[in-house]
Amino acid sequence: KKQLAQAISDRFAKAGIRGNVNLNTGEVVLDFGEEYFDSGSTNLKPKMKASLDRFIPIYAQSLFKDPNISDKVGSVEIIGFASSTYNGKYVNPKSTRPKDKTALDYNLNLSFGRANSIFKHVMNQSNLSVEEREKLMPMIKVVGRGYLPEGSNAAEIPDDMPEDVFCKKYNCSKTQKVIVKF
């Protein structure tokens, strides 16, 4: 895992692709800069598409270059996230309260929709060879996740904290991310 993560990181650096590769887990947090999904949207922006068109072929080539490594890769997950806010307030993504169900459903569907938009673009783009697409397609899992700010725990954040206060304290723009991992 570490060897493949390092190879991905090296290839990204050489190609000038911005993305944070965790060398222990193999997770890649895609960096779209200021060009990210609009609030409440699953539509890819043009610069996101351009970034993916550069990122995915290098990622796929890294996965499949060494058969001794690629044979051990069982899946590739595309994981979408949205901030844990809804209708102007923070909603604990671990909540089981009935009043939070609509908000949690909305954010999980949004997270999944974002990951699915990336999946659809990846599988329909022309930058992947037919062989890479055929290898990658059955391996991909599309996942949406709720988000809890890094280093915090749900009990520490007051329920119904106003969105502006929450986002200022926990930087909502960082919560809206996409991770690709093998």
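Above this text sits the structure in question.
Bear in mind the structure is a predicted one, so any value in this text is a computation, not a measurement. (Residues numbered from 1 in each chain as written. Predicted model: local features only at pLDDT ≥ 70, side-chain atom pairs only at ≥ 80, totals over all residues. Heavy atoms only, no water.)

Novice: Looking at this model, I keep getting lost on the packing of helix α2 (residues 46-64) against helix α4 (residues 101-124). Mind explaining?
Specialist: Packed helices, taken two at a time, are described by the angle between their axes plus the distance between the axes. Where α2 meets α4, the closest approach of the two axes is 10 Å, and the angle between their N-to-C directions is 60°. Judged by the angle between their axes, α2 and α4 are oblique. Between α2 and α4 lies a crossing of right-handed hand. For the pair α2 and α4, contact is made by K49, L52, D53 and I56 and by I118, H121 and V122, respectively. Across the contact of α2 with α4, the residue classes break down as 4 nonpolar, 1 polar and 2 charged. (Axes fitted to C-alpha atoms, helices over the stretch in contact; angles between N-to-C directions. Helix = DSSP H or I, 4+ residues; strand = E, 2+ residues; numbered from the N terminus. Parallel < 35°, antiparallel > 145°, perpendicular 65-115°, else oblique. Left-handed = near helix turned anticlockwise from the far one by under 90°. Contact = heavy atoms within 4.5 Å. Nonpolar A, V, L, I, M, F, W, Y, C, P; charged D, E, K, R; others polar.)

Novice: Just to check I follow, could you spell out the sheet that holds strand β6 (residues 140-145) for this structure?
Specialist: Strands pair in a sheet through their backbones, by hydrogen bonds, and they do so in one of two ways: parallel or antiparallel. An order of β1-β2-β7-β3-β6 is seen for the 5 strands of this open sheet, with the pairing classed as mixed. In the strand order of this sheet, the two ends are held by β1 (19-21) and β6, each with one partner. The sheet shows a mean angle of 20° between the axes of neighbouring strands, direction not considered. Across the sheet, α2 is in contact with β2 (28-30), β3 (76-81) and β7 (178-181); its angle to β2 comes to roughly 165°. (Pairing = 2+ DSSP bridges.)

Novice: Sorry if this is basic, but what is going on with the packing of aromatic side chains here?
Specialist: Centre distance and the angle of the planes are the two values used to describe a pair of aromatic rings. Applying the stated rule across the entire model yields 7 aromatic pairs. Aromatic pair F32 and Y36: ring centres 6.2 Å apart, planes at 40°, arrangement tilted. F32 sits in the buried class, given a relative accessible area of 7%. The interplanar angle of 40° and the centroid separation of 5.1 Å between the aromatic rings of F166 and Y170 together place this pair among those described as tilted. Of this pair, F166 and Y170 both sit in helix α6 (residues 163-170), 4 residues apart, which is roughly one turn of that helix. Accessibility classification places F166 together with Y170 in one group, the buried group. A cation over an aromatic ring shows up here: K177 above the ring of F81, its NZ or CZ 5.2 Å from the ring centre. (Phe/Tyr/Trp six-rings, centres within 6.5 Å; stacked < 30°, edge-to-face > 60°. Buried < 20%, exposed > 50% of the residue type's maximum accessible area, 1.4 Å probe, protein only. Lys NZ or Arg CZ within 6 Å of the ring centre and 35° of its normal.)

Novice: Would you mind showing me how to read the pairing of β7 here?
Specialist: The side chains of a regular strand alternate, first on one face of the sheet and then on the other. With 2 bridges joining them, β2 and β7 adopt antiparallel strand pairing. Following the sheet pairing, V28 is matched in β7 by V180. Of the pairings in the sheet, the one linking β3 to β7 comprises 4 bridges and is antiparallel in character. Residue pairing in the sheet places I79 in a bridge with I179 of β7.

Novice: I keep staring at the layout of surface pockets and nothing clicks. Help me out?
Specialist: It is a probe the size of a water molecule, rolled over the atoms, that shows where empty space is left. The computed volume of the largest pocket comes to approximately 670 Å³. Contributions of two or more residues to the lining of the largest pocket are made by β2 and α7 (172-175). The element best represented in the lining of the largest pocket is α7, accounting for 3 residues. For the lining of the largest pocket, the per-class residue count stands at 9 nonpolar, 7 polar and 7 charged. (1 Å grid on protein atoms, 1.4 Å probe; cavity = no way out; pocket = protein on both sides within 12 Å on 5 of 7 lines; lining within 4 Å. Points joined across faces, edges and corners; volume = space filled by probe spheres on them.)

Novice: Looking at this structure, I do not really get unusual backbone geometry. What am I missing?
Specialist: Peptide bonds are trans in most cases, and residues, glycine excluded, mostly fall at negative phi. Non-glycine residue N87 carries a positive phi angle of around 50°. One can find N87 in the loop between β4 (85-86) and β5 (89-90). A positive phi is found at D160, a non-glycine position, where the angle reads about 65°. Assignment of secondary structure puts D160 in the loop between β6 and α6.

Novice: Please clarify how the side chain of S84 should be interpreted in this entry.
Specialist: Within the element layout of this structure, S84 appears in the loop between β3 and β4. You can call S84 buried: its relative accessible area is 3%. Among residues more than four places away in sequence, those in contact with S84 are K89, Y90, V91, P93, N107, Y147 and F166.

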